[in-house]
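Structure at a glance
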Amino acid sequence: MLILNLAVFVAILFLLARIYKSTQKLGQTVFIGLVLGLASGVILQTFYEKPIIDSTLDWINLIGNGYVRLLQMIVMPLVFVSILSAITRLKEAGALGKISFSVLSVLLVTTAISAVIGIALVYLFDLSAEGLVAGTREIAAQEKVVGRAEQVSNLSVPAMLLSFIPRNPFLELTGANPTSIISVVIFSALLGFAALSLGKEDRDLGERIALGVETLNKLVMRLVRFVIRLTPYGVFALMIKMAATSQWSDIVNLGSFIVASYIAMALMFVVHGILLFVAKVNPLDYYKKVLPTLSFAFTSRSSAATIPLNIETQTNKLGNNSVIANFAATFGATIGQNGCAGIYPAMLAVMIAPTVGVDPFSLNYILTLILVVAISSFGIAGVGGGATFAAIVVLSTLNLPIELVGLLISVEPLIDMGRTALNVNGAMVAGTITNKWVKPE
């Protein structure tokens, strides 16, 4: 049966290749791959025993996880080179401050709005952490959460901001820390300012530096385009894994929380659309252009891995300035994540509060929670598990029991898919709105 399954898998890969070759529409092909992957995963789980499913997924993961690794491979070089290249082309360095302020403002404001929506959905669905049943996986998850809490027990806002400053830029380029992306942004920005300064002193030298950086940027971008063309196949394989390994009984048991979470996310997508409309951007046209990127974010569950697609979509499809696109994509992967750092920790904080005798709907608690969510959204790692980290920070700050985070571990992957797509969309919206507000030369 393994041979048959793999033969069908390869045949569908060739089908996707034919579709893309004939249509040249990446977004359409990605969506078809997503649907075919979902159907294939459901069939695997329905008609096969676990040993066959596991052995099949071992081979399928070569495509899915391999694609994710390729994207992860190019994230740091892309962030470093593209930001350095963009800054060396700036005529007015002061525009960088306006860009950073605008992007961060949109990210933090939308995160605060997402927290409000999360609180409202908990109220409307009358959700509570009381009565949740802890199985073997949940107990193990609780122990893991307590272990992670020790890493952030002494975390403060000054300490978090200090962690952004790179101590060893070469180490940060390896992605060694959760805030490595921001550290690389800071290092490349400082290097760009140094290049601008040299250009003012020696115009010929400045032009040679800019030419060398631009040449390297074109090389990296060509590699990025090679990898992005593999998106339909990566999404197809990742969706098979998700559908084949989901525990449907857990999904049914925690159905209300899942439904409330996705309604909250859907409302935030609407909020994004309204903000775009106010900024005189057609929301329908926008969502049509970003759909392939959101599809990959949905299946990969990694905002960081989506950075190359994010930047490519902003610059080539949305027409955003390259400096703005790079800052929005990289900041959005670690700061102000609407799903992981906004909706999720806010919902958990409201659900858990009654278990320790706190009224979660008092005005004082809600305002405090919104402020804590917005501030703690700095430095959330843009990879799977970032939402758990954000929840630990928020719950610890509010003196709530963090062990209960583990009780939702059974449906975590399913919800995390939607959260990641929302995170990435928030970054692209921040870039698009900033592109309307700020016009760097």
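Going by an unreviewed UniProt entry, the protein carries the name Proton glutamate symport protein and comes from Mannheimia varigena USDA-ARS-USMARC-1296. Per UniProt, the protein carries the Sequence similarities (unreviewed entry) text "Belongs to the dicarboxylate/amino acid:cation symporter (DAACS) (TC 2.A.23) family."

Here's the deal with the overall build of the protein
Looking only at helices and strands, one finds 19 helices and zero strands in the protein. For the protein, the residues scored as buried account for 55% of the 441 residues in total. For the protein, the exposed area adds up to about 19700 Å²; of that, 66% sits on carbon and sulfur atoms.

With respect to a nonpolar patch on the surface
Where nonpolar side chains cluster on the molecular surface, the patch consists of Tyr123, Leu124, Phe125, Val259, Ile263, Leu267 and Phe361 and spans about 640 Å² of accessible area. Within the element layout of this structure, phenylalanine 125 appears in helix α4 (residues 95–125).

Section: the pattern of salt bridges
Applying the stated criterion across every chain yields a total of four salt bridges. For lysine 50, the salt bridge goes to aspartate 54, with nearest N and O atoms at 2.7 Å. Taken together, the residues lysine 50 and aspartate 54, both in helix α3 (residues 50–88) and four residues apart, mark about one turn of the helix. Accessibility expressed as a relative area gives 56% for lysine 50, which makes it exposed. With a shortest N-O distance of 2.8 Å, arginine 419 and aspartate 416 are connected by a salt bridge.

Looking at the packing of helix α8 (residues 180–201) against helix α9 (residues 203–228)
The contact between α8 and α9 brings their axes to 5 Å, and the two run at 145°. Residues Ala195, Leu198, Gly199 and Glu201 of α8 form the contact with α9, whose own contacting residues are Arg203, Leu205, Gly206 and Ile209. When the residues that make up the contact of α8 with α9 are grouped by side-chain class, the tally is four nonpolar, two polar and two charged.

A word on the packing of aromatic side chains
All told, the structure shown has eight aromatic pairs when counted by the stated rule. With 5.8 Å between their ring centres and 15° between their planes, phenylalanine 80 and phenylalanine 187 make a pair best called stacked. Here phenylalanine 187 lies in helix α8 and phenylalanine 80 lies in helix α3, a separation of 107 residues in the sequence. Taken together, a centroid distance of 5.4 Å and an interplanar angle of 80° make the contact between phenylalanine 327 and phenylalanine 331 edge-to-face.

Some remarks on the side chain of serine 102
With respect to the helices and strands, serine 102 occurs in helix α4. Contacts of serine 102, omitting those with residues within four sequence positions, involve Thr434, Trp437 and Val438.

A word on α3
Look at α3: 54 Å from first C-alpha to last across 39 residues, which is about the 57 Å you get at 1.5 Å a residue. At isoleucine 60, α3 is deflected by roughly 45°, the largest bend along its length.

Digging into the nonpolar core
Taken as a class, soluble globular proteins show a tendency for nonpolar side chains to be buried jointly. In terms of nonpolar packing, the biggest core is built from 70 residues, with Tyr286, Phe296, Ile307, Phe327 and Phe331 touching the most fellow members. Aside from chain neighbours lying at most four places away, what touches phenylalanine 331 is Ser100, Val103, Leu104, Leu107, Ile182 and Val185.

Some words on the environment of glycine 431
Along the chain, glycine 431 falls in helix α19 (residues 412–437). A residue is classified by how much of its surface remains accessible, and glycine 431, at 0% relative accessible area, is buried. The sequence separation of glycine 431 and glycine 332 amounts to 99 residues, and the corresponding C-alpha distance is 9.2 Å.

Some details on unusual backbone geometry
Of note in this structure, aspartate 126 is not a glycine but carries a positive phi near 55°. If you trace the backbone, aspartate 126 turns up in the loop between α4 and α5 (136–152). For lysine 280, which is not glycine, the phi torsion reads 65° and is therefore positive. Take lysine 280: it is sitting in the loop between α12 (255–278) and α13 (283–300).

Focus on the packing of helix α16 (residues 338–352) against helix α17 (residues 363–376)
Two elements in contact, α16 and α17, have axes separated by 10 Å at closest approach and are oriented at 145°. As for how α16 packs across α17, the hand of that crossing is right-handed. On the side of α16, the interface is formed by Ala341, Gly342, Ala346, Ala349 and Val350, while α17 contributes Tyr365, Leu369 and Val373. Looking at the contact of α16 with α17 residue by residue, the classes come out as seven nonpolar, one polar and no charged.

A short note on the environment of isoleucine 12
For isoleucine 12, the location among the structural elements is in helix α1 (residues 2–23). Judged by its relative accessible area of 16%, isoleucine 12 falls in the buried class. Through-space distance from the C-alpha of isoleucine 12 to that of serine 40 is 10.0 Å; in sequence the pair is 28 residues apart.

Some thoughts on α12
Spanning 24 residues, α12 covers 35 Å between terminal C-alpha atoms, matching the ideal 34 Å at 1.5 Å per step. One or two positions beyond α12, positive phi appears at lysine 280, with a value near 65°.

Side note on the confidence of the model for the protein
Across the protein, the average pLDDT comes to 82, with 85% of residues at 70 or higher. α5 is the least confidently modelled element of the protein, averaging 48 in pLDDT, while α12 averages 93, the highest of any element. Note on residues 135–142: pLDDT under 50 across the span, and 16 contacts to partners over four residues away in sequence or across chains.

Observations regarding the environment of phenylalanine 170
Along the chain, the position of phenylalanine 170 falls in helix α7 (residues 169–172). Separated by 17 residues in sequence, phenylalanine 170 and phenylalanine 187 place their C-alpha atoms 10.0 Å apart.

The rules we used
- Residues numbered from 1 in each chain as written.
- Predicted model: local features only at pLDDT ≥ 70, side-chain atom pairs only at ≥ 80, totals over all residues.
- Heavy atoms only, no water.
- UniProt positions renumbered as here; feature names shortened; annotations may be inferred.
- Helix = DSSP H or I, 4+ residues; strand = E, 2+ residues; numbered from the N terminus.
- Buried < 20%, exposed > 50% of the residue type's maximum accessible area, 1.4 Å probe, protein only.
- Areas by Shrake-Rupley, 256 points an atom, 1.4 Å probe, with all protein chains shown as cover.
- Patch = residues over 30% accessible without salt bridge, like charges linked within 9 Å, V, L, I, M, F, W, Y side chains within 5 Å.
- Salt bridge = Lys/Arg side-chain N within 4 Å of Asp/Glu carboxyl O.
- Axes fitted to C-alpha atoms, helices over the stretch in contact; angles between N-to-C directions.
- Contact = heavy atoms within 4.5 Å.
- Nonpolar A, V, L, I, M, F, W, Y, C, P; charged D, E, K, R; others polar.
- Phe/Tyr/Trp six-rings, centres within 6.5 Å; stacked < 30°, edge-to-face > 60°.
- Expected span 1.5 Å × (residues − 1).
- Bend = angle between axes of the 7 residues up to and from the residue.
- Core = buried A, V, L, I, M, F, W, Y, C linked by side-chain atoms within 4.5 Å.
- Left-handed = near helix turned anticlockwise from the far one by under 90°.
- pLDDT = per-residue confidence, 0-100.

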